[in-house]
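What follows is each chain in one-letter form.
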Amino acid sequence: AVQGAVTAKRHLMDALWLSELGCELGFSIGINAVNIGFFLGRRILQLAAGLRSLANDWSCVTVVASLALIGALLGGLALWGLFVLASLGQAAQFLLSAAHPLCWPAAGALLLVGLCVLTLLPSEAPYFKVLRFLEETLWFADAVTWASLTCSRKTTHVSLRAAWEALGVLGHVSIGTALRVVRDSAAGALLSPSMVAYIGVVASMFSEYCGHIAEEVRLPELSTAVAALARLQAVAGRAPKGRSRPLEDVDGGTDVQRFVWFALGMHGHAGLKFLGAIDYGSVGSDLEALAYCASITPADVLLSEWRGQLHIPGYALAVDRASNSVVLAIRGSLWPQDWVTDFDCRPRPFELDGQRGFAHSGMLTAAENLSAALAPVVGSLLRSAPYRDIRLVLTGHSLGAGVAALLAALWSGPHSPLGADVEARLSCVAYGMPAVVSPHLGRGLRSRVTAVVCAHDFVPRFSLCSSMRFRDAALRLWRRPGAAAALLEAHQTIDREGSGAEESARVAARELEVLMEGEAGDGLVEGALCPLGRVLWAPPTGCGGGVVEVEEPGKFFRDLPLGSTKDIFEPHLPQNYAARFGGGAGPVPAAAP
């Protein structure tokens, strides 16, 4: 019986191995067949566009006669192919008997001539709108189909591999060990070892964060405490102190208006179309999207990497003749590995200009990787004759903003890998920058790095420390029975104009500070992060059009903003930054929600 079980196990493992091989081969054939089909579809649409340009260069009679001849030849080739296939199948014989042989060349000629007639229509005709729509639909259908087949392929592969591994160790180890083998095998088949390791780090951070929440806490009670904190924030006000000035009057304001289009264009043509930032049919590649948004030509892009990888976000190096600059634009979060970099937010020891503090671990690693890859290239380029007197500007949005700012920090100072002459021309303009460094470290780069924050954007205020402060404040309020409901009752209305508005704001600010810091003032301070450099803050839409320079970023950005999705997440979208700070130029409408 034991020998029979061992033999059956061996046969089952062989069957699983053959099934895995067969599925891999089948999915590869399917994915390639889909790619070929969509490729041919796009080429047919491009042929229609090419015929239009040909009709503009040649006379109509010449084009029609040439296409009729080509169509007749293609029809003749199709007829010859049917004669060859007639001996192999009934379908070809049926097609030959259904129509006269001369119909095939005539049909080919009529088809191409008809296509030519369509291309001669005005570009505003509905036909061309449908053509552009079909082209975009084909692209997205290709992407979705490829992603679905790839996901199915991975899932099948992982399932079969995990079953094979489990059978291999069954009978030799405990059930728990077998399950761990299955888990490690599945993770290894889906992700790279480094990705698995960093996902484990993020998962352990989340587990530790939730571990401090008492088991007896119920969601309705916690929701009431969060609502009370949000009400206190709203009453206390969330605007920084300082005088509001028009962006044009701020030092570097023209740079803020110019480079936001580079930060926007790095999100790729599919992402920008999905966000509604550019029109469907306007561009067909990521390179064209950047050129379109930034008002440059594709030839101005000297170097680009669009996909990126873990701790190396996508980037592009381009010449901007309008501002006499070489721009290194870094892409924001778009792919799964970017989100791992975002949430690897442990405070990591970091030294800048002889001062010690902390930095966002994932983004600092990304900046170090980009520095190692790009510093020799960028330094050599900026020292060459055509670019010797041109500025170097780093820019980006969200993740790209944080990495750009930290890259500027790594490239600043007497030991810059760029060299002293290039380092003197370095600056950075970052949009929606996350909390990346300790407050005292960011002050040293105010003259070189400008961070731009739109309204109550959630991302510049999110860090591990601010999340813990919020958690602890909600738990302090929960431990005081009835306190959350009492605060909601006391601050039921927000009076901005009345005589008691200032007093209400002071009371709410004091109560909020007690909850955030604790009665003993033991609120977390070590590891607190904020945006780097000079921070320009713009109020919500409808509350003024100027910007305020934040005097104490470490204090203003230390706590999470609470509110609706429209209040705290919508302002972070890249098209909203472009609409707010782009000066009405570029492909994005001048107003955004």
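About the criteria used
Residues numbered from 1 in each chain as written. Predicted model: local features only at pLDDT ≥ 70, side-chain atom pairs only at ≥ 80, totals over all residues. Heavy atoms only, no water. Helix = DSSP H or I, 4+ residues; strand = E, 2+ residues; numbered from the N terminus. Contact = heavy atoms within 4.5 Å. Areas by Shrake-Rupley, 256 points an atom, 1.4 Å probe, with all protein chains shown as cover. Pairing = 2+ DSSP bridges. Axes fitted to C-alpha atoms, helices over the stretch in contact; angles between N-to-C directions. Parallel < 35°, antiparallel > 145°, perpendicular 65-115°, else oblique. Left-handed = near helix turned anticlockwise from the far one by under 90°. Buried < 20%, exposed > 50% of the residue type's maximum accessible area, 1.4 Å probe, protein only. Polar contact = N/O pair within 3.5 Å; in protein donor to acceptor, adjacent residues only side chain to side chain. Salt bridge = Lys/Arg side-chain N within 4 Å of Asp/Glu carboxyl O. pLDDT = per-residue confidence, 0-100. Bend = angle between axes of the 7 residues up to and from the residue. Phe/Tyr/Trp six-rings, centres within 6.5 Å; stacked < 30°, edge-to-face > 60°. Lys NZ or Arg CZ within 6 Å of the ring centre and 35° of its normal. Arc of directions from axis to C-beta. Core = buried A, V, L, I, M, F, W, Y, C linked by side-chain atoms within 4.5 Å. Nonpolar A, V, L, I, M, F, W, Y, C, P; charged D, E, K, R; others polar.

Caption draft 1: Geometry of the overall build of the chain. Summing up its helical and strand segments, the chain has 22 helices and ten strands in all. Intrachain contacts of the chain at a sequence separation of at least 6 include 73% that bridge at least 24 residues. Put simply, the chain shows about 29600 Å² of open surface, and 63% of that area lies on carbon and sulfur atoms.

Caption draft 2: Spatial organisation of the sheet that holds strand β7 (residues 426-431). Judged by pairing direction, the sheet is mixed, and its eight strands sit side by side in the order β1-β2-β3-β6-β7-β8-β9-β10 without closing on themselves. The strands lining the two open edges of the sheet, one partner per strand, are β1 (301-305) and β10 (548-549). Strand direction decides the pairing type here: strand β9 (residues 534-538) and β10, joined by two bridges, are antiparallel. Considered in β10, the bridge of W537 is made with V548. Strands in contact with helix α22 (residues 574-581) are β6 (391-397), β7, β8 (449-454) and β9; relative to β8, the strand with the most contacts, it is inclined by about 105 degrees.

Caption draft 3: Fine view of the packing of helix α13 (residues 361-383) against helix α14 (residues 399-410). At a minimum axis separation of 8 Å, α13 and α14 run at an interaxial angle of 60 degrees. Relative to α14, the element α13 is oriented oblique. For the element pair α13 and α14, the recorded crossing hand is right-handed. Together, M363, L364, A366, A367, E368, L370 and S371 of α13 and L399, G402, V403, L406, L407 and L410 of α14 make up the contact between the two elements.

Caption draft 4: Quick peek at the environment of S325. With respect to the secondary-structure elements, S325 resides in strand β3 (residues 325-330). The exposure class of S325 is buried, given its relative accessible area of 1%. As for S325 and L426, which are separated by 101 residues in sequence, their C-alpha atoms are 9.9 Å apart. Apart from residues no more than four positions distant in its own chain, S325 is found in contact with F259, A318, V319, D320, I390, R391 and V393.

Caption draft 5: The arrangement of the environment of V547 in detail. Checked against the element boundaries, V547 lands in the loop between β9 and β10. By relative accessible area, V547 is classed as buried at 4%. Once residues within four sequence positions are removed from consideration, V547 is found in contact with R243, S244, R245, L247, V250, L536, W537, A538 and F581.

Caption draft 6: The pairing of β9, seen in detail. Counting buried positions over the five residues of β9 gives five, a clear majority of the element. Along β9, one buried face is formed by R534, L536 and A538 and the opposite face, lined by V535 and W537, is buried too.

Caption draft 7: Structural context of the side chain of D300. One can find D300 in the loop between α11 (286-294) and β1. When its relative accessible area of 9% is taken as the criterion, D300 is described as buried. A polar contact of 3.0 Å, which involves the side chain of D300, links it to the side chain of R321.

Caption draft 8: Layout of the pattern of salt bridges. The final tally for this structure, using the stated rule, is 15 salt bridges. One salt bridge in this structure joins D300 and R321, with 3.0 Å as the shortest N-O distance. Of this pair, D300 sits in the loop between α11 and β1 while R321 sits in the loop between β2 (315-320) and β3, placing them 21 residues apart in sequence. A relative accessible area of 62% means that R321 is categorised as exposed. The shortest N-O distance in the salt bridge between E517 and R558 comes to 3.4 Å.

Caption draft 9: Quick peek at the confidence of the model for the chain. On average, the chain scores 78 in pLDDT, and the residues at 70 or more come to 62%. Contacts from residues 588-593, a stretch scored under 50 in pLDDT, to residues over four places away or in other chains number 15 contacts.

Caption draft 10: Molecular detail of helix α9 (residues 253-265). The axis of α9 is deflected most strongly, by about 30 degrees, at F259. For α9, a buried count of twelve out of 13 residues is recorded, marking the element as mostly surrounded by other parts of the structure. Among the residues making up α9, those that are buried are G253, D255, V256, Q257, R258, F259, V260, W261, F262, A263, L264 and G265.

Caption draft 11: Representation of the packing of aromatic side chains in the model. Tallying each qualifying case throughout the model produces seven aromatic pairs. Taken together, a centroid distance of 6.3 Å and an interplanar angle of 80 degrees make the contact between F343 and F462 edge-to-face. Separated by 119 residues along the polypeptide, F343 in helix α12 (residues 336-343) and F462 in the loop between β8 and α17 (464-478) bring together distant segments of the chain. Here the basic side chain of R307 rests over the ring of W335, its NZ or CZ set 3.8 Å away from the ring centre.

Caption draft 12: View of helix α18 (residues 483-490). Listed in full, the buried residues belonging to α18 are A483, A484 and L487. Buried residues of α18, seen end-on, are gathered within an arc of 100 degrees and therefore sit on one face of the element.

Caption draft 13: Representation of the environment of W411. Within the secondary structure layout, W411 lies in the loop between α14 and α15 (420-423). Take W411: its relative accessible area is 0%, and that puts it in the buried class. Residues W411 and S371, spaced 40 residues apart in sequence, show a C-alpha to C-alpha distance of 7.9 Å. Look past the residues within four positions of W411 in its chain and what remains in contact with it is L328, S371, L374, A375, V378, L392, L394, S416, P417, L418, E423 and L426.

Caption draft 14: Looking closely at the nonpolar core. Counting residues in hydrophobic clusters, the biggest one holds 91 residues, and the most contacted among them are L392, L394, L406, W411 and L532. Looking at which element gives the most residues to this core, the answer is α13, with ten residues. Beyond its immediate stretch of four places on either side in the chain, L394 contacts L328, A404, L407, A408, W411, L426, S427, C428 and V429.

Caption draft 15: Quick look at the packing of α9 against α22. For the pair α9 and α22, the least separation of the axes is 9 Å and the interaxial angle reads 160 degrees. Classified by the angle their axes make, α9 and α22 are roughly antiparallel. In this structure, α9 meets α22 at a crossing whose hand is left-handed. Judged by residue contacts, V256, Q257, V260, W261 and L264 of α9 engage P574, Q575, Y577, A578 and F581 from α22. The residue inventory of the contact of α9 with α22, partitioned by class, reads eight nonpolar, two polar and no charged.

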